[in-house]
Amino acid sequence: MLRAASLFAAIACLAGTLTVPAEAKVTVSISCSSLGIEMELCRTGAQAWAKKTGNEVNLVSTPADANERLGLYQSLLAAHSTDVDIFQIDAVWPGILANDFLDLNQFIKPDDQDDYSPSLIQNDTVNGKLIALPWFVDTGLLYYRKDLLDKYHRKVPQTWAELEETAKAVTAGEGSGMQGYVWQGRAYEGLTCNALEWIASSGGGTIIGKDGQVTVSNAQAAAAIDRARGWIGTISPEGVLNYDEEGARGVFQSGKAVFMRNWPYAWALANTGDSPVKDKVGEAPLPHGDGANSVGVLGGQSLAVSRYSKHPQEAVDLILYLAGKDEEKRRWKKGAFNPTLKPLYEDPDLKNDPMVAVFSQVLNNVVARPSTITGRRYNQVSSDFVQAVHAALSGQGSGADNLAKLNDTLTQLSRGGHWQ
Ligand code: GLC
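A short tour of the structure in this document, coming up. (Residues numbered from 1 in each chain as written. Predicted model: local features only at pLDDT ≥ 70, side-chain atom pairs only at ≥ 80, totals over all residues. Heavy atoms only, no water.)

### Considering the overall build of the protein chain
No. 1: The secondary structure content of the protein chain amounts to 19 helices and twelve strands.
No. 2: In terms of C-alpha radius of gyration, the protein chain reaches 23 Å, essentially the compact-globule figure of 22 Å for 420 residues.
No. 3: C-alpha extents for the protein chain along the principal axes are approximately 85 × 55 × 45 Å.
No. 4: Of all 420 residues assigned to the protein chain, the portion counted as buried reaches 54%.
No. 5: Expressed as a percentage of contacts within the protein chain between residues at least 6 apart in sequence, the contacts between residues at least 24 apart total 74%.
No. 6: When the 38 positive and 47 negative side-chain charges of the protein chain are each reduced to one mean point, those points stand 2 Å apart. (Helix = DSSP H or I, 4+ residues; strand = E, 2+ residues; numbered from the N terminus. Rg over C-alpha atoms; globule rule 2.2 N^0.38 Å. Buried < 20%, exposed > 50% of the residue type's maximum accessible area, 1.4 Å probe, protein only. Contact = heavy atoms within 4.5 Å. Lys, Arg positive; Asp, Glu negative; His and termini not counted. Charge placed at Lys NZ, Arg CZ, Asp CG, Glu CD.)

### What about the pairing of strand β2 (residues 56-60)?
No. 1: By the bridge criterion, five bridges tie strand β1 (residues 27-31) to β2 in an arrangement that is parallel. In the strand pairing of β2, S31 is matched with V60.
No. 2: Regarding topology, helix α2 (residues 38-53) serves as the crossover connection from β1 to the parallel β2, and that connection is right-handed. (Pairing = 2+ DSSP bridges. Right-handed = clockwise from strand over helix to strand, strands pointing away.)

### Examining the state of the cysteines
No. 1: Applying the stated criterion across every chain, the model contains one disulfide.
No. 2: The disulfide partner of C32 is C42, and the S-S distance across this bridge is 1.8 Å. On the criterion of sequence distance, the pair formed by C32 in the loop between β1 and α2 and C42 in helix α2 is long-range, its members being ten residues apart.
No. 3: The exposure class assigned to C32 is buried, which follows from its relative accessible area of 0%.
No. 4: The buried category is assigned to C42, whose relative accessible area is 0%.
No. 5: As a non-bridged cysteine, C193 has C32 as the owner of its nearest cysteine sulfur, 20 Å distant. (Disulfide = S-S within 2.5 Å.)

### Considering the environment of A400
No. 1: With respect to the secondary-structure elements, A400 resides in helix α19 (residues 399-414).
No. 2: By relative accessible area, A400 is classed as partly exposed at 40%.
No. 3: Between the alpha carbons of A400 and A388 there is a distance of 10.0 Å; along the sequence they are twelve residues apart.

### Re unusual backbone geometry
No. 1: With a phi close to 50°, H80 is a non-glycine residue in the positive phi region.
No. 2: As for its position among the elements, H80 is in the loop between α3 (66-78) and β3 (86-90).
No. 3: According to the relative accessible area criterion, H80 is partly exposed, its value standing at 48%.
No. 4: Of note, A336 is a non-glycine position whose phi angle comes to about 60°, a positive value.
No. 5: Here A336 shows up in the loop between α14 (325-335) and α15 (348-351).

### Section: the site of the ligand
No. 1: For the ligand, the full set of nearby residues is D90, D138, Y188, E189, G190, E245, W263, G299, G300, Q301 and R369.
No. 2: For the ligand, an oxygen atom lies 3.0 Å from a polar atom in the backbone of G300.
No. 3: The contact in question runs from an oxygen atom of the ligand to an N or O atom on the side chain of Q301, over 3.2 Å.
No. 4: Burial of the ligand by the protein amounts to 97% of the accessible area it has alone, namely 310 Å².
No. 5: For the shell around the ligand, the secondary-structure elements that each account for two or more residues are α9 (189-200) and β11 (296-305).
No. 6: Classifying every residue of the shell around the ligand by side-chain character gives two nonpolar, four polar and five charged. (Near = heavy atom within 4 Å. Polar contact = N/O pair within 3.5 Å; in protein donor to acceptor, adjacent residues only side chain to side chain. Areas by Shrake-Rupley, 256 points an atom, 1.4 Å probe, with all protein chains shown as cover. Nonpolar A, V, L, I, M, F, W, Y, C, P; charged D, E, K, R; others polar.)

### Concerning the nonpolar core
Grouped burial of nonpolar side chains is what soluble globular proteins tend to show.
No. 1: The biggest cluster of nonpolar side chains holds 106 residues, and the ones touching the most others in it are I30, Y181, W183, W198, F259 and L393.
No. 2: Apart from the residues lying within four places of it in its own chain, the contact partners of I30 are C42, A46, N58, L59, V60, I86, L303 and L322.
No. 3: F87, F101, V126 and Y308 belong to the second-largest nonpolar core, a separate cluster that totals 19 residues. (Core = buried A, V, L, I, M, F, W, Y, C linked by side-chain atoms within 4.5 Å.)

### Overview of the environment of V381
No. 1: The residue V381 is located in helix α18 (residues 378-393) in this model.
No. 2: For V381, the residues in contact, after removing those within four places along its chain, are I208, T374, L410, L413 and W419.

### As for the sheet that holds strand β9 (residues 257-262)
No. 1: If you trace the four strands from one edge of the open sheet to the other, you get β8-β9-β7-β10, paired in mixed fashion. What marks the edges here is a single partner per strand, and that holds for β8 (179-182) and β10 (281-284). Across the sheet, the axes of successive neighbouring strands diverge by a mean angle of 15°, strand direction being ignored.
No. 2: Of the pairings in the sheet, the one linking strand β7 (residues 141-145) to β10 comprises four bridges and is antiparallel in character. (Axes fitted to C-alpha atoms, helices over the stretch in contact; angles between N-to-C directions.)

If you want it as structure tokens, here you go:
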């Protein structure tokens with residue numbers, strides 16, 4: 001029966017009578033991050049597009065860890081896999097993955113790019129090619145327990161010294177089981193973000209300067225790492241050396257920590273219906289060292305279309321939908337994902353939101369990881385940095401010793417500042 005049917009189809013095809021209908025619907029595969037509720041929001045957004053267009057979507061799940069997700073993407077792309085049409089990529093990956101993505105300038109007119117923040121478009125542009133569309137912006141923030149600071153008559157800490165002092169006072173009062181400060185100390189990209197914040201907010205630079213020279217080995221940077229080492233076993237649990245974003249959020253959201261460093265997404269989850277800390281949390285810029293400014297690391301994600309996609313047109317249509325006004329607003333409302341479309345910040349809902357105000361304040365003082373200057377070598381740079389910091393945090397050598405060794409490794413890798 002089957003045989004007869006396919007024979008008939010082959011004959012019909014040869015005779016030129018079997019053509020693919022012009023409105024044939026396709027299945028577009030999209031790979032999103034699974035951090036927090038990212039996958040769920042990606043799914044509901046993609047399904048809404050499918051419903052609207054009559055196409056289908058297939059969600060490809062990924063690890064929550066940024067480095068593991070990058071590894072997965074690299075193997076799919078190296079194999080020129082057609083299994084994934086759209087990749088959600090980290091703000092630090094354009095230089096690493098650019099060659100495997102389509103130039104969106106061929107599909108999206110300049111007018112339609114104008115509403116996106118120019119610096120984000122710039123970040124996603126590699127050698128003149130727009131390789132991804134900015135989807136949401138992240139920056140590191142300090143979360144604090146309003147109720148506990150009130151109870152102990154403490155202010156929101158402005159400096160790292162104040163944070164240490166307050167964390168100690170509150171945990172002493174609350175007794176065992178309450179942690180002072182939770183953050184991302186595992187050896188992965190999240191630690192790069194945390195450690196860069198400690199260093200930059202202490203006047204220790206940005207690992208690598210804008211001119212490509214390695215700047216990481218300096219007294220302020222070493223002191224910032226040593227200070228964080230001092231938190232472990234005092235205001236932070238030993239286990240923090242294995243925390244990622246969700247690990248830290250788990251402790252904080254269950255009511256077991258006074259302070260947390262995390263991205264904006266944690267705000268929405270901390271305030272959901274069944275969260276034990278609902279309405280007890282505040283958000284502020286991260287603290288700073290003496291004589292330096294508070295900073296947050298710039299993060300965020302974009303949507304890219306694979307060069308190997310069999311459905312580029314539909315894939316571009318889907319990313320335009322996901323990074324469109326309605327969907328960016330829905331994601332902000334449900335998940336606290338900050339939009340990349342400038343006009344949305346004029347929307348009264350966002351304009352009057354106190355958390356958007358904190359976020360925008362931090363955005364004025366963000367620090368970028370050195371991904372543009374190091375291009376495809378960024379992941380190596382970040383891994384080397386993470387190893388050095390994690391060793392120092394684990395008590396294997398001082399901050400200064402580890403950063404001096406890192407300086408040698410990176411200087412060799414930098415080829416005199418010519419990274420590309
Ligand atoms: C968030 C940020 C991303 C960062 C990652 C680190 O997903 O958006 O930029 O690299 O966290 O874990």
